[in-house]
Amino acid sequence: IHVTNVVLLDPVTKTPTRVKRRYMMNGECVRISKVSGSAMPSPVPVGVSERELLWAKYESQSLVRQKSRRGPMKEDVFGNREHFKTLLRISKESAARKAAASETNAE
């Protein structure tokens, strides 16, 4: 949820409201509800949630583990390279034979 889509609830009317700030005589800043004009209570401190603990654990482990997916691949993913080169050579020879055969037939 984006911060612009969050709104405070008026403590008196229990409806969404905007907040204005007013300063008391002693210099303390107080949030005032625009709907009812009553003072808004200060936010309740929230403890560390399980999600934050799991995220911290994930970040600490991801920094320790090596990132094997980066850089060149350690092994040939596409199979044996020599086998692939042999297949290319055979296909080129076959294409050359077909081309030579079509030239002889055309004459």
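Throughout, a residue's number is its position along its own chain's written sequence, starting from 1. Only residues with pLDDT of 70 or above have their local features reported here, since the model is predicted, and side-chain atom pairs are shown and tallied only from 80 upward, although totals for entire chains, interfaces and linings are computed over all residues. Side-chain figures throughout are based on the complete set of non-hydrogen atoms in the structure, without hydrogens or water.

> Could you clarify how one ought to interpret the overall build of the chain in this entry?
What the chain contains, in helices and strands, is two helices and four strands. When its helices and strands are written in sequence order, the chain yields β-β-β-β-α-α. Per-residue burial over the chain gives 7% buried out of 107 residues. The contact criterion used throughout is that any non-hydrogen atoms of two residues lie within 4.5 Å. Put simply, of all contacts in the chain between residues at least 6 apart along the chain, 18% involve residues at least 24 apart. Accessible surface for the chain amounts to roughly 10300 Å². Of this, 58% is attributable to carbon and sulfur atoms. Counting from the N terminus, the helices are the DSSP runs of H or I reaching at least four residues and the strands are the DSSP runs of E reaching at least two. Partly exposed describes any residue whose relative accessible area lies between the buried limit of under 20% and the exposed limit of over 50%, with all areas from a 1.4 Å probe on protein chains only and scaled to the type maximum. All accessibility values rest on the Shrake-Rupley procedure with a 1.4 Å probe; residue burial counts only the protein chains present in the view.

> Explain the pairing of strand 4 (residues 29–33) to me, please; I cannot follow it from the model alone.
Side chains on a regular strand alternate between the two faces of the sheet. For two strands to count as paired, DSSP must find a minimum of two bridges between them. Here five bridges tie strand 3 (residues 19–23) to strand 4, and the two strands are oriented antiparallel to one another. Its bridge partner being in strand 4, K20 is matched across the sheet by I32. Joining the antiparallel neighbours strand 3 and strand 4 is a turn of five residues, in which G27 adopts a positive phi near 95°.

> Just checking my understanding: could you explain the packing of aromatic side chains for this structure?
Two aromatic rings are characterised by how far apart their centres lie and by the angle between their planes. When the centres of two rings from Phe, Tyr and Trp lie within 6.5 Å, Trp using its six-membered ring, the rings pair. Their planes under 30 degrees apart give stacked, over 60 give edge-to-face, and anything left gives tilted. With the rule as written, the count across this model stands at one aromatic pair. Pairing W55 with Y58 gives two aromatic rings, centres 5.3 Å apart and planes at 35°, and the pair type is tilted. Placement of both W55 and Y58 in helix 1 (residues 50–64) is noted, with a separation of three residues, approximately one turn of the helix.

> Just to check I follow, could you spell out the pattern of salt bridges for this structure?
Side-chain pairing between opposite charges can occur once the charged atoms of the two side chains come close. By definition, a salt bridge exists where a carboxyl oxygen of Asp or Glu is found within 4 Å of a side-chain nitrogen of Lys or Arg. Enumeration according to the criterion identifies two salt bridges in this entry. Residue R89 is joined to E93 by a salt bridge in which the shortest nitrogen-to-oxygen separation is 3.4 Å. In this pair, R89 and E93 both sit in helix 2 (residues 81–106), four residues apart, roughly one turn of the helix. Relative accessible area serves as the criterion here: at 44%, R89 is assigned to the partly exposed category. Between R97 and E93 there is a salt bridge, with its nearest N and O atoms 4.0 Å apart. In this pair, R97 and E93 are both assigned in helix 2, four residues apart and thus about one turn of the helix distant. Here the residues in one salt-bridge network are R89, E93 and R97, joined through shared partners.

It is worth stressing that arrangement in space is one thing and function is another; only the former is reported here.
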